[in-house]
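So the chains spell out like this:
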Amino acid sequence: MPAGELRYPSPPENSTTEISAANDEEWLWSQIKAEARRDAESEPALASYLYSTILSHSSLERSLSFHLGNKLCSSTLLSTLLYDLFLNTFASDPALRAATVSDLRAARVRDPACVSYSHCLLNYKGFLACQAHRVAHKLWTQLRRPLALALHSRISDVFAVDIHPAARIGKGILFDHATGVVIGETAVIGNNVSILHHVTLGGTGKACGDRHPKIGDGVLIGAGATILGNVKIGEDAKIGAGSVVLIDVPPRTTAVGNPARLVGGKEKPTTNEECPGESMDHTSFISEWSDYII
């Protein structure tokens with residue numbers, strides 16, 4: 001499916017896909033509870049915290065909603081209001097819950113610093129910002145835009161991640177470190193994408209309309225990369241750290257530099273054999289980068 005046509009999956013009721021997703025969620029929740037019990041036993045100072053955020057809840061969406069509500073609340077935006085908002089949204093949309101499960105798996109598999117699923121659920125602000133954004137995006141599509149924008153503001157304040165609520169994001173997403181990530185209103189991000197800190201998916205000025213990047217499935221975007229305008233980053237492409245991209249990048253290629261150039265040249269660019277968004281390989285292209293000299 002082209003990046004511009006991403007949709008959350010909507011399997012029919014009682015389908016095999018829906019049952020499988022429910023089983024995945026149940027298994028993952030049992031793992032998270034087991035990890036929380038282990039950590040509470042080994043570190044009694046965290047026992048009360050782990051009980052209130054994980055062990056006292058009956059499901060992943062209840063735990064996540066409680067945690068997000070406490071993280072994003074303010075003196076005028078109460079945690080109880082946010083808890084109800086998050087829980088009602090997650091409970092009513094199986095696709096959102098499936099995306100949450102995929103995002104947890106992505107962090108655990110791709111980030112060597114992620115020691116457990118519960119660690120990601122409680123402490124990874126990139127994961128938490130993404131889940132809160134999914135709710136803000138749902139509100140946006142329901143035309144509850146003042147609330148979506150208020151939530152967007154709190155996400156930016158608390159997590160230092162600025163994602164416009166209209167932006168569309170697939171599943172299996174890793175925002176690694178996440179600080180300084182900026183994603184514009186008409187941006188679209190595919191599935192199984194990994195984005196490092198201080199990445200900008202922005203516009204090129206004050207023009208309205210479709211003006212932000214479209215990121216295909218399996219893309220890896222390195223730290224500090226800037227992609228501007230309604231450009232397409234093809235599936236399984238790789239954008240090197242610190243690169244500035246202003247034009248389309250073909251699928252399965254690597255673009256590096258400022259302005260970004262294709263590794264191997266424009267006519268016969270080197271192709272990526274693996275899915276960079278999952279392999280997290282940031283540097284293998286250097287052996288083929290003739291200008292890389294120390």
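To keep things clear, this report deals only with the structure shown in the data block.

Rules behind the numbers
Residues numbered from 1 in each chain as written. Predicted model: local features only at pLDDT ≥ 70, side-chain atom pairs only at ≥ 80, totals over all residues. Heavy atoms only, no water. Axes fitted to C-alpha atoms, helices over the stretch in contact; angles between N-to-C directions. Helix = DSSP H or I, 4+ residues; strand = E, 2+ residues; numbered from the N terminus. Left-handed = near helix turned anticlockwise from the far one by under 90°. Contact = heavy atoms within 4.5 Å. Nonpolar A, V, L, I, M, F, W, Y, C, P; charged D, E, K, R; others polar. Salt bridge = Lys/Arg side-chain N within 4 Å of Asp/Glu carboxyl O. Core = buried A, V, L, I, M, F, W, Y, C linked by side-chain atoms within 4.5 Å. Buried < 20%, exposed > 50% of the residue type's maximum accessible area, 1.4 Å probe, protein only. Parallel < 35°, antiparallel > 145°, perpendicular 65-115°, else oblique. Disulfide = S-S within 2.5 Å. Phe/Tyr/Trp six-rings, centres within 6.5 Å; stacked < 30°, edge-to-face > 60°.

## Considerations on the packing of helix 3 (residues 60–72) against helix 4 (residues 79–92)
Viewed as axis vectors pointing N to C, helix 3 and helix 4 meet at an angle of 145°, and their least axial separation amounts to 8 Å. The way helix 3 lies across helix 4 gives a crossing that is right-handed. Taken together, the residues of helix 4 that come into contact with helix 3 (itself represented by Glu61, Arg62, Leu64, Ser65, Phe66, Leu68, Gly69, Asn70 and Leu72) are Ser79, Leu82, Tyr83, Phe86, Leu87 and Phe90. Classifying every residue of the contact of helix 3 with helix 4 by side-chain character gives nine nonpolar, four polar and two charged.

## A word on the pattern of salt bridges
By the definition in use, this model includes nine salt bridges. Among the ionic pairs, Arg105 bridges to Asp24, the shortest N-O distance being 4.0 Å. Of this pair, Arg105 sits in helix 5 (residues 94–110) while Asp24 sits in helix 1 (residues 16–42), and the two are 81 residues apart along the sequence. Among the salt bridges present, the one from Arg211 reaches Glu185, with a minimum N-O distance of 2.8 Å. With Arg211 in the loop between strand 7 (200–202) and strand 8 (214–215) and Glu185 in the loop between strand 4 (182–183) and strand 5 (188–189), the pair connects residues that are 26 residues apart, well separated along the chain.

## Quick look at the nonpolar core
Counting 72 residues, the largest nonpolar core has Phe175 and Ile221 as its most contacted members. It is helix 7 (residues 125–141) that contributes the most residues to this core, nine residues altogether. Each residue touching Ile221, except ones within four places of it in the same chain, is listed here: Ser194, Ile195, Leu196, Val199, Leu201, Ile215, Ile227 and Ile239.

## Quick look at the packing of helix 3 against helix 5
Where helix 3 meets helix 5, the axes come as close as 11 Å, and the angle between the chain directions of the two elements is 80°. Classified by the angle between their axes, helix 3 and helix 5 sit roughly perpendicular to one another. The residues of helix 5 that touch helix 3, namely those facing Leu60, Glu61 and Leu64, are Arg97, Thr100, Val101 and Leu104. Looking at side-chain class alone, the contact of helix 3 with helix 5 contains four nonpolar, one polar and two charged residues.

## As for the state of the cysteines
Using the criterion set out here, one finds zero disulfides in the structure. Cysteine Cys120 shares no disulfide, and the gap to the nearest cysteine sulfur, in Cys114, comes to 4.9 Å. Its relative accessible area of 0% is what places Cys120 among the buried residues.

## Describing the packing of aromatic side chains
Within this structure, the stated rule accounts for one aromatic pair. Both rings, one in Trp27 and one in Tyr117, keep their centres 6.1 Å apart while their planes meet at 85°; by these two values the pair is edge-to-face. You can see Trp27 sitting in helix 1 and its partner Tyr117 sitting in helix 6 (residues 117–123), a full 90 residues away along the chain.

## A few points about the environment of Arg144
In this structure, Arg144 sits in the loop between helix 7 and helix 8 (145–159). Classification of Arg144 by relative accessible area gives partly exposed; the value is 41%. Once you skip the residues sitting within four places of it in the chain, Arg144 turns out to touch Leu85 and Leu139.

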